[in-house]
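# Examining the three-dimensional arrangement
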Amino acid sequence: MSEVYEDLLVERSGPVGWIRINRPDRRNALRPQTLAEICRAVDGLSADPAVRAMVLAGEGKHFSAGAEFSFLEGLKTTPAPQVKSDIYAHFQGAARRLHHCPKPTIAAVSGAAITVACELALTCDFRLVAPTAEFHESWIKLGLIPPLGGLFLLPRLVGAGRAAEIVLAGRPIGAEEAVRIGLASELVDADRLHERTQAFAAQLAALPPLAYAAAKEGLRRGAESSMEKEWATNVLAQAMLLGTQDFAEGLAAVVEKRPGVFVGA
């Protein structure tokens, strides 16, 4: 990648773009600069036609211990308008980019995924976890609320009751439970997390990108919509997809009993 990053490692492995939070000596704690760099990295990988899926991960033992405490200390004297315009523009900006990214997104989580980090993982399409993974939406213990999507996403992933335990009681969720309740997609041995995530991302990258983007957008929109609106919108989207090269290739691949080769056109 041509971009220069201080807090991240960003690279491409085949069709998969990797974004790694690279502050292991601080348990990958997040500061505004880190989130601004994640915004740039997601934008860059989204615009790169060679990248067909992306992974968010952390270097070292932890995904991320959440916001850096020195940064949180400074927020006590930061005026509210500045918090909204200067700081959460990057924090919410990163969450928005991951949530709306048309390409497959995966969070590869080992160790702690606390507050901001937990929220970023939730905005990805899938979460693959090592046995050490632990999700903490522990904002309530700081006198705060999850501001980056958790209040919306958690009830839809794990149900209202469990979401209340996670958010209102600040209960941490370990790897096995995360998979059992639908918070995570798959439990992977720690020494295989990178390999398995790369393979799963490559599998998603081989899917028809236009159909994936349309289906992902429909799932996101459907959580806030009505059945009537979705019938109307999805029929239009399907009509457009039926005219693509990818549909013709997918149909041929099924008939010929071979893998499809999709180009996003």
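Now for a description of the structure that goes with this document. (Residues numbered from 1 in each chain as written. Predicted model: local features only at pLDDT ≥ 70, side-chain atom pairs only at ≥ 80, totals over all residues. Heavy atoms only, no water.)

### As for the packing of helix H5 (residues 150-158) against helix H6 (residues 160-168)
Taken N-terminus to C-terminus, the directions of H5 and H6 make an angle of 135 degrees; their axes are 7 Å apart at the nearest point. Classed by the angle they form, the pair H5 and H6 counts as oblique. Where H5 crosses over H6, the handedness of that crossing is right-handed. Along the contact surface, H5 presents Leu 151, Leu 154, Pro 155 and Val 158, while H6 presents Ala 160, Arg 162, Ala 163, Ile 166 and Val 167. Its residues assigned to classes, the contact of H5 with H6 shows eight nonpolar, no polar and one charged. (Axes fitted to C-alpha atoms, helices over the stretch in contact; angles between N-to-C directions. Helix = DSSP H or I, 4+ residues; strand = E, 2+ residues; numbered from the N terminus. Parallel < 35°, antiparallel > 145°, perpendicular 65-115°, else oblique. Left-handed = near helix turned anticlockwise from the far one by under 90°. Contact = heavy atoms within 4.5 Å. Nonpolar A, V, L, I, M, F, W, Y, C, P; charged D, E, K, R; others polar.)

### Here we look at the state of the cysteines
Where two cysteines share a covalent bond between their sulfur atoms, that bond is called a disulfide. Taken as a whole, this structure holds zero disulfides when the rule is applied. Cys 101 provides the cysteine sulfur closest to Cys 124, a residue in no disulfide bond, and the two sulfurs are 9.0 Å apart. (Disulfide = S-S within 2.5 Å.)

### Section: the sheet that holds strand S5 (residues 112-114)
In spatial order, the strands read S5-S7-S8; together these three strands make up an open sheet with mixed pairing. Both outer strands of the open sheet, S5 and strand S8 (173-174), are each paired with one neighbouring strand and no more. As judged from the three bridges shared by S5 and strand S7 (residues 134-136), these two strands associate in the parallel manner. Bridging from a neighbouring strand, Ala 113 pairs with Phe 135 of S7. (Pairing = 2+ DSSP bridges.)

### What to know about the pattern of salt bridges
Under the counting rule described, the total for this entry stands at 17 salt bridges. Across the pair Arg 26 and Glu 68 runs a salt bridge, and its minimum N-O distance is 3.6 Å. In this pair, Arg 26 is assigned in the loop between strand S2 (16-21) and helix H1 (32-47) and Glu 68 in the loop between strand S3 (53-58) and helix H2 (69-75), connecting sequence segments 42 residues apart. On the basis of relative accessible area, Arg 26 is assigned to the partly exposed category, the value being 44%. Of the charged contacts, one joins Arg 171 and Glu 177 as a salt bridge, the two residues approaching to 2.9 Å between their closest N and O atoms. The class of Arg 171 is partly exposed, set by a relative accessible area of 28%. Among the residues examined, Glu 177 registers a relative accessible area of 16% and is labelled buried. Salt bridges sharing common partners tie together Arg 23, Asp 25, Arg 26 and Glu 68. (Salt bridge = Lys/Arg side-chain N within 4 Å of Asp/Glu carboxyl O. Buried < 20%, exposed > 50% of the residue type's maximum accessible area, 1.4 Å probe, protein only.)

### What about helix H11 (residues 245-255)?
Taken together, the buried positions of H11 are occupied by Asp 246, Glu 249, Gly 250 and Ala 253. One side of H11 carries all its buried residues, which in axial view fall inside an arc of 100 degrees. Buried positions along H11 lie against helix H9 (209-222). Looking one or two residues beyond H11, the residue adopting positive phi is Lys 257, at roughly 55 degrees. (Arc of directions from axis to C-beta.)

### A word on the nonpolar core
One broad trend across soluble globular proteins is that nonpolar side chains are buried collectively. Within the largest apolar cluster, 52 residues are counted, with the highest numbers of intra-cluster contacts made by Val 109, Leu 120, Phe 135 and Leu 183. Sequence-distant contacts of Val 109, that is, excluding residues within four places in its chain, are made with Phe 63, Ala 121, Leu 128, Val 129, Ala 130, Ala 133, Phe 135 and Leu 193. Core analysis: the next-biggest nonpolar cluster, separate from the first, contains 16 residues, Val 16, Ala 57, Leu 193 and Phe 200 among them. (Core = buried A, V, L, I, M, F, W, Y, C linked by side-chain atoms within 4.5 Å.)

### What about the sheet that holds S3?
Spatial strand order, S1-S2-S3-S4-S6-S9: six strands in an open sheet with mixed pairing. The open sheet has two edge strands with one neighbour each: strand S1 (8-13) and strand S9 (186-187). Relative to strand S6 (residues 126-129), strand S4 (residues 105-109) runs parallel, the two being bridged by four bridges. Of the residues in S6, the one forming a bridge with Val 109 is Val 129.

### Things to note about H9
Here H9 is 14 residues long and its end C-alpha atoms lie 19 Å apart, about the 20 Å a rise of 1.5 Å per residue gives. Within the span of H9, buried status applies to Tyr 212, Lys 216 and Gly 218. The arc enclosing the buried residues of H9, seen along the axis, measures out at 160 degrees, which places them on a common side. (Expected span 1.5 Å × (residues − 1).)

### Focus on a nonpolar patch on the surface
On the surface, Leu 242, Phe 247, Leu 251 and Val 255 cluster together into a nonpolar patch covering about 390 Å² of accessible area. Relative to the elements of secondary structure, Phe 247 occurs in helix H11. For Phe 247, a relative accessible area of 39% corresponds to the partly exposed category. (Patch = residues over 30% accessible without salt bridge, like charges linked within 9 Å, V, L, I, M, F, W, Y side chains within 5 Å. Areas by Shrake-Rupley, 256 points an atom, 1.4 Å probe, with all protein chains shown as cover.)

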